[in-house]
Amino acid sequence: MKIEDNELRMRMINSVIPQDLTDKEVLDIGCNRGNYAIECAKRMAAVKAIDIDYDDVQIATQKAESSGLKINFICSDLYSLDAEEKEYDIVLFLGMLYHMKHPLKALEIISGLTKDLLILESHYIKSKTQLPIMQFYPKDELDGNFTNCWGPNLSCIMEMVKSVGFREVEIIAIWGDD
């Protein structure tokens, strides 16, 4: 399935998140302004959401509070969760992998935090090979954004996720310039 716009992309991701999250704990890594964290809280999950952008965390906190939702928003990065022992039923890692300076280390940390389900969404590159490869963006080559570091191909994403311990890996949708 090819998805073209952000609204459709958001609906696709929301459709992958289980409808009933009663008694589930969710960790949203790179929560941005909290849309998915809020959606999970509406589905009755206990939610912790992190982002490195202080302003986004404040906006997300205000949005959740105005909706009457209790979400633990924290201004932090993924790598600081390395020592955390708690596992979450569901971990959201949406639009973050290609921003990580150390993507395999990030996935190793996430593997240790995930009890049941990781939902990962990422930029990827087209490639003619099935070999797992990644393109490095040293400056702002990807969309003029210096925080975009990597462009893995789909095979690379799949193999990285498997290499850190996830047994069942499934591609739900592909969108972009494929």
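None of the values given here were measured: they were computed from a predicted structure.

*Asks:* Help me understand the pattern of salt bridges in this model?
*Replies:* Any two side chains of opposite charge can pair, given that their charged atoms come close. According to the stated counting rule, one finds 6 salt bridges in the structure shown. Put simply, lysine 86 and glutamate 25 hold a salt bridge, and the shortest N to O gap is 2.6 Å. Of this pair, lysine 86 sits in the loop between β4 (72-75) and β5 (88-94) while glutamate 25 sits in strand β2 (residues 25-29), placing them 61 residues apart in sequence. Between aspartate 89 and lysine 115 there is a salt bridge, with the nearest N and O atoms lying 3.6 Å from each other. On the criterion of sequence distance, the pair formed by aspartate 89 in strand β5 and lysine 115 in strand β6 (residues 114-121) is long-range, its members being 26 residues apart. Of the residues examined, aspartate 89 reaches a relative accessible area of 7% and is grouped as buried.

*Asks:* How do you make sense of the pairing of strand β3 (residues 46-51) when you look at a structure like this?
*Replies:* Note on strand geometry: in a regular strand, side chains alternate between the two faces of the sheet. Extensive coverage of β3 is indicated by the burial of 5 of its 6 residues. Looking at chain direction, β2 and β3 are connected through 5 bridges and run parallel. In the strand pairing of β3, leucine 27 is matched with lysine 48. Crossover β2 to β3 through helix α2 (residues 35-42) is right-handed. Pairing between β3 and β4: 4 bridges, direction parallel. When the bridges of β4 are listed, lysine 48 appears paired with asparagine 72.

*Asks:* Please explain unusual backbone geometry as it appears in this structure.
*Replies:* Where the residue is not glycine, phi is negative for most of them; where a peptide bond is considered, it is trans in most cases. A positive phi angle, near 65°, is found at aspartate 23, a position not held by glycine. Its location among the elements puts aspartate 23 in the loop between α1 (6-16) and β2. Residue classification places aspartate 23 among the exposed residues on the basis of a relative accessible area of 72%. Backbone geometry places methionine 44, a non-glycine residue, at a positive phi of 80°.

*Asks:* Would you take a moment to explain the packing of α1 against α2 for this structure?
*Replies:* A pair of packed helices is characterised by two quantities: the angle between their axes and the separation of those axes. Contact geometry for α1 and α2: axes closest at 11 Å, N-to-C directions at 40°. On the basis of their axis angle, the class for α1 and α2 is oblique. The hand of the α1/α2 crossing is right-handed. Together, Arg9, Met10, Ile13 and Asn14 of α1 and Asn35, Tyr36 and Glu39 of α2 make up the contact between the two elements. Across the contact of α1 with α2, the residue classes break down as 3 nonpolar, 2 polar and 2 charged.

*Asks:* Help me understand the environment of isoleucine 52, please; the structure alone is not making it clear to me.
*Replies:* Its place among the elements puts isoleucine 52 in the loop between β3 and α3 (54-66). Between the C-alpha atoms of isoleucine 52 and phenylalanine 73, which are 21 residues apart in sequence, the distance is 11 Å. The contact partners of isoleucine 52, leaving out residues within four places of it in the chain, are Cys75, Ser76 and Asp77.

*Asks:* Sorry if this is basic, but what is going on with the pairing of β5 here?
*Replies:* Judged by how many residues are buried, β5 sits mostly within the fold: 7 of 7 residues are covered. Relative to β5, β2 runs parallel, the two being bridged by 4 bridges. Considered in β5, the bridge of valine 26 is made with isoleucine 90. In this structure, β5 lies alongside β6, joined through 6 bridges in parallel fashion. Directly across from phenylalanine 93, in β6, lies its bridge partner leucine 120. Considered for its hand, the β-α-β crossover made up of β5, helix α4 (residues 103-113) and β6 is right-handed.

The rules behind the values
Residues numbered from 1 in each chain as written. Predicted model: local features only at pLDDT ≥ 70, side-chain atom pairs only at ≥ 80, totals over all residues. Heavy atoms only, no water. Salt bridge = Lys/Arg side-chain N within 4 Å of Asp/Glu carboxyl O. Helix = DSSP H or I, 4+ residues; strand = E, 2+ residues; numbered from the N terminus. Buried < 20%, exposed > 50% of the residue type's maximum accessible area, 1.4 Å probe, protein only. Pairing = 2+ DSSP bridges. Right-handed = clockwise from strand over helix to strand, strands pointing away. Axes fitted to C-alpha atoms, helices over the stretch in contact; angles between N-to-C directions. Parallel < 35°, antiparallel > 145°, perpendicular 65-115°, else oblique. Left-handed = near helix turned anticlockwise from the far one by under 90°. Contact = heavy atoms within 4.5 Å. Nonpolar A, V, L, I, M, F, W, Y, C, P; charged D, E, K, R; others polar.

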